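One letter stands for each residue in the lines below.
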Amino acid sequence: MTIEFLRILTVDPDTARAHARAAPLVGAGHVVAMAATAEAALEEARRGAPDLVLLAAAIGASVSGLVARLRAMPQTAESAILVLGDDAPETVRRAAREAGADGCLATLPAEDTLAAWAGALARQTARARRAQRMARMGSWSLDVASGRLVWSDVTCALFGIRPAEFRGTFEHFASFVLPEDRCRLDAAHRQAVATRGALEAEYRIRRPDGEVRWMFERGHLEFDDAGQVVRRLGMVMDITERKLAEQRILRLNRVHALLSAINNAIVHLRDRQALFEQACRIAVETGGLRAAWIGTVEPDGEVSVAAQAGAVDAYLRHIRVTTAPVAEGHGPFGLAVRENRAAVCNHIARDPMFAPWREQALRHGFQACAAFPLHVDGLPIGGFALYADVEDYFDDEEIRLFEQLASDISFAIAFIDQEQRRRLAEAALRESEERFRLLSKATNDAIWDWNLADDVLWWSEGFETLFGLRRDDVPPTFQGWAGRIHPDDRDRVVADIYQAVLTRGEKWSDSYRFLRRDGTYAHVHDRGYVIRDAEGRATRMVGGMTDVTERRTLEERLLQAQRLEAIGQLTGGVAHDFNNLLTVILGNADMLAEEVGDQRWSPLIALIADAAQRGADLTRQLLAYARRQPLDPKSVDVNRLVAEMDALLRRALGEHIEVELVRAAGLWSALVDPAQLESALLNLAINARDAMPNGGRLTIETANVWINDDYAGQHVDVKPGQYVLLAVSDTGVGIAAEHLDRVFEPFFTTKPKGIGTGLGLAMVYGFAKQSGGHVNIYSEPGQGTTVRMYLPRSHAPAEARRDAAAAVVGGSETILLVEDDAQVRAYAREQLVSLGYTVLDAADAREALAMAERRADIDLLFTDVVMPGGMSGKQLADAVRALRPRIKVLYTSGYTDNAIVHHGRLDAGVHLLTKPYRRAELARKVRAILDT
């Protein structure tokens, strides 16, 4: 058995008693030194560094002072010190303990156990003090009556001072505590006194070297017989590392909460500014940051603030931030955007990069800053700047998380921009003459979360909203989801997902068709994010599906509108000149028919006129389809118009087709151009005739109808309201289902080659749409076809129709003829002169205006609408009327553009003779205007 020999110091003024106590200790092999006074004890301690000090209380009131001095010496700082004596007053014992004594004993153990007891005590005390020092746990004691505060050496070390520097007062201790924590510490002491319970408090101190540390204090109170506090005892330990760890965990929790909240906003927001504002607000309110702002880069490199939150408004008003390579561009924001990477300044007070903004930043409580680039299509557009109120806030993990957040925001910006481009396309679609009803409700995504470890797939209620699928309709597995992908898309989509998962990809997106509950397929755009563990293994995949079916439909409609616009531009471009030629051809054919008496030439002349008329009809049908023909809508009694056309229709259809008219009683008037309605009805009848080569029945039906909101919402350019229905049904061969979507396209026909132009239904469609109405078709092969025209209701009484076959009558008035085409001008002059009129002719508007200034006897201005020279026919008419207010005006044109026609209708009070016109049409129109 190994025996450890100790150095023991006994301090006792009674020499005999000291020798008696020392004898068994010496006999056990311990080295014992003896002192009779305090000074002698101190001298022995300096020489011998005892392991155990036995101090007799008989030395008097100086006991506590000697204990304190021994504790202050490095030789006895960790020695075990005991005060001996059963006659020592309580005040002496208490003072000794406060000064650092390890205990007070009335008597020592028996001589046969004394040596072993002393050794054990010294070793136990030394171990306790070493453990306390290693644990950085100090002790303290406060005598309430004297105000004397005693600290152990470890306590002094924790506070950053040497034992000799501590002044032994509560005030000295309080001077270390940060002012903002003193109230909390005082409250803890008061509560301990009030409840007679334990004292516990956490607070911060500032050590002499300026370092701030967190302390945890625990103690208890000693009370006298009267219940008054006489002493406070306790321990104190440095918990800075623990607090920093807690703060880091709290900070990371806030960052994760911030990421979750902003990603949730990304899923739901469809506006860039709203996303920016929400991201900044969440960063401050959820993430606990001091401030946040998002800036966008202008073309000159200057940064504009797009959104902000927290204590940053005044700061941003006083600083300049740029991405240019100047001083103001070398801060975190400028570097982040210019170099497309995260830029961090964790010490605003000292880091040179923050010099241009340091004063303002510190004034607003900013201690650390980080900026992260935002980019679209790989190009930086701005950055996300974050500010914290403590230094060293942004560590590697937080930077990584914020980089991911910036990437997510960038992805959202790109998606929002894409959505904005889609909305712009829809706006362009609305501005075209084919007006489409836009989506009134924002798209709700279907969110999904796939746990790769156990192959469990969760999805949000959006699956039911978008696809009608309930949770029990689809197995909650990857294969259950993949099974609803269209077979033509499935292999590609599944392969791409596994490619992203297995090749350390982070993002995946694809477009495919997805089976709805009703058996139809939705076109969807799906995007997902792969979540990986620390080793890079994919553990989860989350994403969202957007139903883009309607977007694809809108794109197809846009193409249709572009085709319509192209046909309109093409037709309008040639209609003017072509109709001028046809006017001359038709007019001269009429003159030849009247002048030539030889009957041998009559068929040839009729053939010329018929061919020219067919050309005019073709141009008119193209303009009708393109909705570019000038309409002169009137309040029309559709029943009467149909009845008046009965004989014409029967002649056109032939005796092998039965005609049935079903006219509704009390039919409303329709607001349409009657001549164009007759042409549309005739076209429908001829189409029906061609569909019944072996005979059949044609039914023409009228009715009053209401179009409701549901029907209007499902069809382009249809407004809810009251309409007059004109339906034409036949019992012919019908139209195959695959052709129904194309029957209104120009030049599309199901008739045999050489029969028809393919413009009849296109003209009907264009006329109905331009009139503010609607047309649809229903057909079954072998059963027949029904075409329904919905004409807008007129609340005015039906107008009486003029006799189109009235006799040709001339006159003697003076007409100013303005026509830039010499051949048309010559033809019109010849016809008007032959009708008895005095004709003044001009080749352009300026020549005509000069004539009007010289001649006051002009009764009618007959002018082309579209003329070269910078002045249109409408502008000429306005100028002439300013000179001659009573003059009447008749326009003529093969294509009016928008000079006198707006929204497809002639302006109020405008009279138009459409080219090509014949002699009788010219005579009747001129006479009608002059007679009004």
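Nothing here was measured: the structure is a model prediction, and the numbers come from that model.

Observations regarding the overall build of the protein
No. 1: A count of helical and extended segments in the protein gives 28 helices and 34 strands.
No. 2: Within the protein, the proportion of its 932 residues that are buried is 46%.
No. 3: In the protein, the share of contacts with a sequence separation of at least 24, taken over all contacts with a separation of at least 6, comes to 63%.
No. 4: A total of about 45200 Å² of accessible surface is found on the protein, and carbon and sulfur atoms cover 52% of it.

What to know about the pattern of salt bridges
One side chain can pair with another of opposite charge once the charged atoms of both are near each other.
No. 1: Counting across every chain of the model gives 44 salt bridges.
No. 2: One salt bridge connects R242 with E202, and the closest N-O pair in it is separated by 2.6 Å. Taken together, the positions of R242 in helix α9 (residues 240–268) and E202 in strand β8 (residues 199–206) put the pair 40 residues apart, joining distant regions of the chain.
No. 3: We note a salt bridge from R422 to E419, for which the minimum N-O separation is 3.2 Å. Separated by three residues within a single helix, R422 and E419 lie in helix α14 (residues 396–431), roughly one turn from each other.
No. 4: For E419, a relative accessible area of 5% translates into the label buried.

Here's the deal with the environment of F415
No. 1: Tracing the backbone through its elements, the reader meets F415 in helix α14.
No. 2: When its relative accessible area of 11% is taken as the criterion, F415 is described as buried.
No. 3: Placed 145 residues apart in sequence, F415 and R270 show a C-alpha to C-alpha distance of 8.4 Å.

Things to note about the packing of aromatic side chains
No. 1: This model, assessed by the stated rule, comprises 25 aromatic pairs.
No. 2: For the pair F394 and F402, a centre-to-centre distance of 6.1 Å together with 65° between the ring planes defines the contact as edge-to-face. The residues F394 and F402 share a single accessibility class, namely buried.
No. 3: By way of ring pairs, the aromatic residues W151, F159, F166, F170, F173, F176 and Y203 are connected into one cluster.
No. 4: Cation over ring: K243 sits above W214, and NZ or CZ is 4.3 Å from the ring centre.
No. 5: Here the basic side chain of R527 rests over the ring of F415, its NZ or CZ set 5.1 Å away from the ring centre.

Overview of the sheet that holds strand β28 (residues 814–818)
No. 1: Read from one edge of the open sheet, five strands run β29-β28-β30-β31-β34, paired in parallel fashion. A single partner strand is all that each edge strand has here, and the edge strands are β29 (838–842) and β34 (912–914). Neighbour-to-neighbour, the strand axes of the sheet open up by a mean angle of 20°, direction not taken into account.
No. 2: Two elements, β28 and β29, share five bridges in a ladder whose sense is parallel. Its bridge partner being in β29, T814 is matched across the sheet by T838.

Remarks on the pairing of strand β14 (residues 368–376)
No. 1: Among the nine residues in β14, eight count as buried, and that is most of the element.
No. 2: The pairing of strand β13 (residues 343–345) with β14 spans three bridges and is antiparallel. The residue bridging A343 from the neighbouring strand is A371, located in β14.
No. 3: As paired strands, β14 and strand β15 (residues 379–388) are joined by nine bridges and run antiparallel to one another. Among the inter-strand pairings, V376 is bridged to a residue of β15, identified as L379.
No. 4: Where β14 folds back onto β15 in an antiparallel hairpin, the turn is made up of two residues, including D377, whose phi is positive at roughly 55°.

Here we look at the confidence of the model for the protein
No. 1: Within the protein, residue pLDDT values average 79, and 82% of them lie at 70 or more.
No. 2: Element-level pLDDT for the protein is lowest in strand β32 (residues 901–902), with a mean of 48, against a maximum mean of 92 in strand β25 (residues 721–730).
No. 3: Here residues 433–443 is a poorly scored stretch, pLDDT under 50, and it has 34 contacts once near neighbours within four places are set aside; other chains count.

Focus on helix α3 (residues 63–72)
No. 1: Within α3 the residues assigned to the buried category are V63, L66, V67, L70 and R71. Taken end-on, α3 shows its buried residues confined to a sector of 135°, consistent with a single buried face.

Brief notes about the sheet that holds strand β2 (residues 31–35)
Hydrogen bonding along the main chain pairs the strands of a sheet, whether they run parallel or antiparallel.
No. 1: The five strands lie next to each other as β2-β1-β3-β4-β5, forming an open sheet whose pairing is parallel. Of all the strands in the sheet, the pair left with one neighbour each is β2 and β5 (103–105). Between one strand axis and the next, the sheet turns through 20° on average, direction left out of account.
No. 2: Pairing between strand β1 (residues 7–11) and strand β3 (residues 52–56): four bridges, direction parallel.

Observations concerning the pairing of strand β31 (residues 888–893)
No. 1: By the criterion of burial, β31 is predominantly enclosed, with five of the six residues buried.
No. 2: Traced from strand β30 (residues 860–864) through helix α27 (residues 873–883) to β31, the parallel crossover comes out right-handed.

Let's talk about the nonpolar core
No. 1: With 39 residues, the main nonpolar core has V638, L677, L681, L698 and M789 as its most contacted residues.
No. 2: Contacts of L698, omitting those with residues within four sequence positions, involve L653, I657, E658, V659, E660, A685, A688, M692, V728 and S729.
No. 3: Listed in part, the 37 residues of the second largest apolar core include A279, A307, A368 and F384.

What to know about unusual backbone geometry
No. 1: At D392, a position not held by glycine, the phi torsion is positive, near 55°.
No. 2: Positive phi values are uncommon outside glycine, yet D455 reaches one of about 55°.
No. 3: With respect to the helices, strands and loops of the structure, D455 is situated in the loop between β16 (446–451) and β17 (456–459).
No. 4: Using a relative accessible area of 29% as the deciding quantity, one classes D455 as partly exposed.

What to know about the layout of surface pockets
No. 1: Space inside the second largest pocket adds up to approximately 1200 Å³.
No. 2: Considering the residues around the second largest pocket, the lining is formed by 36 residues, among which N263, D408, Y529, I531 and V542 are closest to the centre.
No. 3: The set of elements that each furnish at least two residues to the lining of the second largest pocket consists of α9, α14, β16, β19 (521–532) and β20 (538–547).
No. 4: Within the lining of the second largest pocket, the residues separate by chemical class into 17 nonpolar, eight polar and 11 charged.

Description of the environment of F372
No. 1: With respect to the helices and strands, the residue F372 is situated in strand β14.
No. 2: Between the alpha carbons of F372 and L405 there is a distance of 9.1 Å; along the sequence they are 33 residues apart.
No. 3: Once residues lying within four places of it in the same chain are set aside, the contact partners of F372 are A336, A342, G382, G383, F384, L386, I399, F402, E403 and A406.

Re the environment of R650
No. 1: Relative to the helices and strands, R650 is located in helix α21 (residues 646–653).
No. 2: Taking the relative accessible area as the measure of exposure, R650 reaches 38% and is therefore partly exposed.
No. 3: Spatially, the C-alpha atoms of R650 and A685 are 9.4 Å apart, while their sequence positions differ by 35 residues.

Reading guide: rules and limits
Position labels on residues start from 1 in each chain and follow its written sequence. Since the coordinates come from a predicted model, pLDDT governs what is reported: local features require at least 70, and pairs of side-chain atoms require 80 or more to be given and counted, while whole-chain, interface and lining totals use all residues. Working from all heavy atoms in the structure, the side-chain values ignore hydrogens and water. Each helix is a run of DSSP H or I of at least 4 residues and each strand a run of E of at least 2, with the numbering of both proceeding from the N terminus. Note on exposure labels: buried denotes an accessible area under 20% of the residue type's maximum, exposed denotes more than 50%, and partly exposed covers the range between, all computed with a 1.4 Å probe on protein chains only. Contacts between residues were defined by any pair of non-hydrogen atoms, one from each residue, lying within 4.5 Å. Reported accessibility uses the Shrake-Rupley method at a 1.4 Å probe radius. Residues are deemed covered only where the shown protein chains occlude them. By definition here, a salt bridge exists when the distance from a side-chain nitrogen of Lys or Arg to a carboxyl oxygen of Asp or Glu is within 4 Å. In this scheme Phe, Tyr and Trp rings, the latter by its six-membered ring, pair at centre separations within 6.5 Å, and the angle between planes marks the pair as stacked below 30 degrees, edge-to-face above 60, and tilted otherwise. Any Lys NZ or Arg CZ found within 6 Å of a ring centre and within 35 degrees of that ring's normal is scored as a charge over the ring. When DSSP finds two or more bridges between a pair of strands, those strands are recorded as paired. Working convention: axes come from line fits to C-alpha atoms, limited for helices to the stretch in contact. Angles between N-to-C directions cover 0 to 180 degrees. The quantity called pLDDT is the predictor's confidence in a given residue, expressed from 0 to 100. By construction, the arc corresponds to the directions joining the helix axis to the C-beta atoms. A right-handed crossover is one whose linking path, passing over the helix from the first strand to the second, runs clockwise when the strands point away from the viewer. For the purposes of this section, nonpolar cores are sets of buried Ala, Val, Leu, Ile, Met, Phe, Trp, Tyr and Cys residues that join through side-chain atoms within 4.5 Å. Method remark: on a 1 Å grid restricted to protein atoms, a set of points is classed as a cavity if a 1.4 Å probe fits but cannot get out and as a pocket if it is open with protein on both sides within 12 Å along at least five of seven lines; lining residues have an atom within 4 Å of a point. Grid points are joined across faces, edges and corners, and a volume is the space filled by probe spheres set on the points. The classification used treats Ala, Val, Leu, Ile, Met, Phe, Trp, Tyr, Cys and Pro as nonpolar, Asp, Glu, Lys and Arg as charged, and all other residues, Gly among them, as polar.

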